[in-house]
Amino acid sequence: MNTFQDLGLNNDLLQAISDLGFETPSEVQEKAIPTLLNKENEEQDLVALAQTGTGKTAAFGFPMLQKINVDSRTTQGLILSPTRELCLQITNELKLYGKYCKGLNVVAIYGGASINEQAKDIKRGAQIVVATPGRMKDMIGRKLVDISKIEYAVLDEADEMLNMGFYEDITSILSHTPKDKSTWLFSATMPKEVASIAKEFMHSPMEITVGAKNVGSEQVSHEYYVVNGRQRYLALKRLADMNPDIFSVVFCRTKRDTQKVAEKLIEDGYNAGALHGDLSQNQRDLVMKAFRNKQIQMLVATDVAARGIDVDDITHVINYQLPDEIETYTHRSGRTGRAGKTGVSMVIVTKSELRRIKSIERKIQKEFVKKDIPSGIEICEVQLMSLANKIHNTEINHKIDGYLDSINQLFEDTSKDELIKKFFSVEFTRFHNYYKDSKDLNLEAKHSSERDTSNENSTRFFINVGKKDGFNWMELKDMLRDVLQLGKEDVFKVDVMGTFSFFNTESSQEKKVLETFNNIEYNGRKVKVEITEDKGKGKGRKRGGGGKRRRNNSSNKSFDRSSKGRRSSSRASRPRRSRRK
Ligand code: ADP
Ligand code: MG
């Protein structure tokens, strides 16, 4: 593997690289830097395709910094980038890379800030200008910037810029630049528009591809969840609740949906925020700041507004709705799995959108995993264990020591077990209450178990075997059907927990089920099957979760099923999360 020394960079740059702690060049840097530094072909144009987070800024930044003349105040390099955020980010990076290049002046120009201030900065002599296309065009029009002598033009995130409708601006800007400059185009994907820009404005560009074209990052796994369109929001909440430490961007298609989803999440107690074009720059800055500080765990954003987001530890990208363009999906999922970390890109789809998953798979050359929206009880388990781990890892605050005696007194007669249960209940009961009667949101699951949710005649059973006995839901379903000699659709809603499970059958099978399991052993243990109090609907109650009133006498018809189906989990208020910080 090459080192930065091998790439032909000068000492000022190497020193900065070592200060930054970059050890080895990334693939795109390894390929681009020597090409761009090559003195034999000064006017070499370049098209480089690489995912976000692969170090493209340095791939064009180092060569440009080495090639410009810092003793001159003429603008020699122009970098166009789609958003203000990226513009500022590139500018900052270049300043870091060029910190030992005496006399270097890099200036960022972008909309939403004083044009006069920016003009002043340019006037002082900027060898490199980093600009958004809109503001750049504006400043050229007002003769506030002169790019007639530039030698290097970079189109960074070219696909994004074109997606955002900057084609005209870019061509207009380039028409003010010399013909014999070098043009370096960087892009994550290569849609037709990018290819046509390359064809129109570049001369036999060298092409570098890192990884396969238009292929998603290796670090990202892709999942989809099929739900009824009306239940997108509930599904979103479950996905969030299943991942207590989620740090995510939730993509919506419109500004309106973005705002709406964010507002609902906030109302429901999540640390969420909205990012879209109807917000003022100031509002957007505040939201981004809160996101970077992780005060916001779920950033709900439009594609356009999210373009500038460059945060390294995003754990999940959630496609609340699929984007119109497949390319956009690549960009969305590229927000996670950055800087060597792994990430998950989740898609909530309706049945009619399923075929689009296939097209995306073809494009990104990766397969999606079809997953089920977690059940309420699974979420409760996860939340409980997450809480347990948090408590376990909490550092003790010794300010409490002084109160220990009085607290001990209060709990004198409480056993450790009891104390733990009480303590956990403080947080956990809210989740449990919210989810105890929750429905299965998975469309297919719902289909195969129509009886369960839409007709009254199903019964939910508890069985004392579970994951610990080596079952997953499919295996348990098979075993139950086998033992009960029932057909394919006759055992449904099988939820396997640790040491126990739940399943449903038609109520007409109640007697048969109870009788069959009356005398069966598994692994030397007597198998116990009981009817849950949950009337065949929703999730069985967790054992030991308080008030377990299971009925195991099939002739006792006293329990009431009439309320089934009327209770809507969507109306129940969700447990509020304790806000962090
Ligand atoms: P891209 O433009 O491809 O999305 P960036 O240029 O923004 O990627 O780089 C992503 C991150 O990786 C930045 O924080 C950058 O400082 C860091 N980085 C770039 N090159 C290297 C390298 N060779 N070694 C370590 N970190 C690097
Ligand atoms: Mg970049």
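For the structure itself, consult the block above.
Residues numbered from 1 in each chain as written. Chains lettered and ligands numbered in written order. Predicted model: local features only at pLDDT ≥ 70, side-chain atom pairs only at ≥ 80, totals over all residues. Heavy atoms only, no water.

K.L.:
Can you help me understand the packing of helix 5 (residues 115–123) against helix 6 (residues 133–141) in this one?
P.N.:
Helix-helix packing is characterised by the crossing angle of the two axes and by the distance between the axes. Contact geometry of helix 5 with helix 6 gives a least axis separation of 12 Å together with a crossing angle of 75 degrees. On the basis of their axis angle, the class for helix 5 and helix 6 is roughly perpendicular. Seen from helix 5, the contacting residues are I115, Q118, A119 and I122; seen from helix 6, they are R135, D138 and M139. In terms of residue class, the contact of helix 5 with helix 6 is made up of 4 nonpolar, 1 polar and 2 charged. (Axes fitted to C-alpha atoms, helices over the stretch in contact; angles between N-to-C directions. Helix = DSSP H or I, 4+ residues; strand = E, 2+ residues; numbered from the N terminus. Parallel < 35°, antiparallel > 145°, perpendicular 65-115°, else oblique. Contact = heavy atoms within 4.5 Å. Nonpolar A, V, L, I, M, F, W, Y, C, P; charged D, E, K, R; others polar.)

K.L.:
Which parts of the structure should I look at to understand the packing of aromatic side chains?
P.N.:
Any pair of aromatic rings gets described here by the distance separating the centres and the angle formed by the planes. This structure, assessed with the given rule, holds 16 aromatic pairs. With 4.6 Å between their ring centres and 75 degrees between their planes, Y434 and Y435 make a pair best called edge-to-face. Assessed through its relative accessible area of 5%, Y434 is described here as buried. Of the residues examined, Y435 reaches a relative accessible area of 2% and is grouped as buried. Here the aromatic cluster, defined as three or more aromatic residues joined through ring pairs, consists of F4, F22, F62 and Y97. The positively charged end of K264 is found above the aromatic ring belonging to Y233, 4.4 Å away from the centroid. (Phe/Tyr/Trp six-rings, centres within 6.5 Å; stacked < 30°, edge-to-face > 60°. Buried < 20%, exposed > 50% of the residue type's maximum accessible area, 1.4 Å probe, protein only. Lys NZ or Arg CZ within 6 Å of the ring centre and 35° of its normal.)

K.L.:
Which parts of the structure should I look at to understand the sheet that holds strand 17 (residues 501–506)?
P.N.:
Each strand in a sheet pairs with another by means of backbone hydrogen bonds, the pair being arranged parallel or else antiparallel. Overall, antiparallel pairing links the 4 strands, which are arranged 16-17-15-20 in an open sheet. Lying at the two open borders of the sheet, with one neighbouring strand each, are strand 16 (491–496) and strand 20 (529–531). Each adjacent strand pair in this sheet contributes to an overall mean axis angle of 25 degrees, direction not counted. Relative to strand 20, strand 15 (residues 458–463) is paired through 3 bridges, and the arrangement is antiparallel. Residue pairing in the sheet places F462 in a bridge with E530 of strand 20. Each of strand 15, strand 16 and strand 17 touches helix 21 (residues 473–484); the most contacted strand, strand 16, lies at about 135 degrees to it. (Pairing = 2+ DSSP bridges.)

K.L.:
Teacher, can you tell me more about the nonpolar core here?
P.N.:
Most often, soluble globular proteins have nonpolar side chains that are buried together. L9, F62, I79, L94, I128, W184 and F186 are the most contacted members of the largest nonpolar core, which has 39 residues in total. Element by element, the count of residues in this core is highest for helix 3 (residues 56–67), at 6 residues. Residues in contact with I79, not counting those within four places in the same chain, are F60, M64, I90, L94, I128, V129, V130, A131, V154 and D156. In this structure, L49, A119, V129 and I197 belong to the second largest nonpolar core, which totals 34 residues. (Core = buried A, V, L, I, M, F, W, Y, C linked by side-chain atoms within 4.5 Å.)

K.L.:
For this particular structure, what's the right way to read the site of ligand 1?
P.N.:
In the neighbourhood of ligand 1, 16 residues make up the surrounding shell, with T24, Q29, G53, K56 and T57 lying closest. In this structure, T54 approaches ligand 1 through a main-chain N or O atom, which is 3.1 Å from an oxygen atom. G55 is positioned with one of its backbone polar atoms (N or O) 3.2 Å from an oxygen atom of ligand 1. Out of a free accessible area of 560 Å², ligand 1 has 77% covered by protein chains. Among the residues making up the shell around ligand 1, the classes are represented as 3 nonpolar, 9 polar and 4 charged. (Near = heavy atom within 4 Å. Polar contact = N/O pair within 3.5 Å; in protein donor to acceptor, adjacent residues only side chain to side chain. Areas by Shrake-Rupley, 256 points an atom, 1.4 Å probe, with all protein chains shown as cover.)

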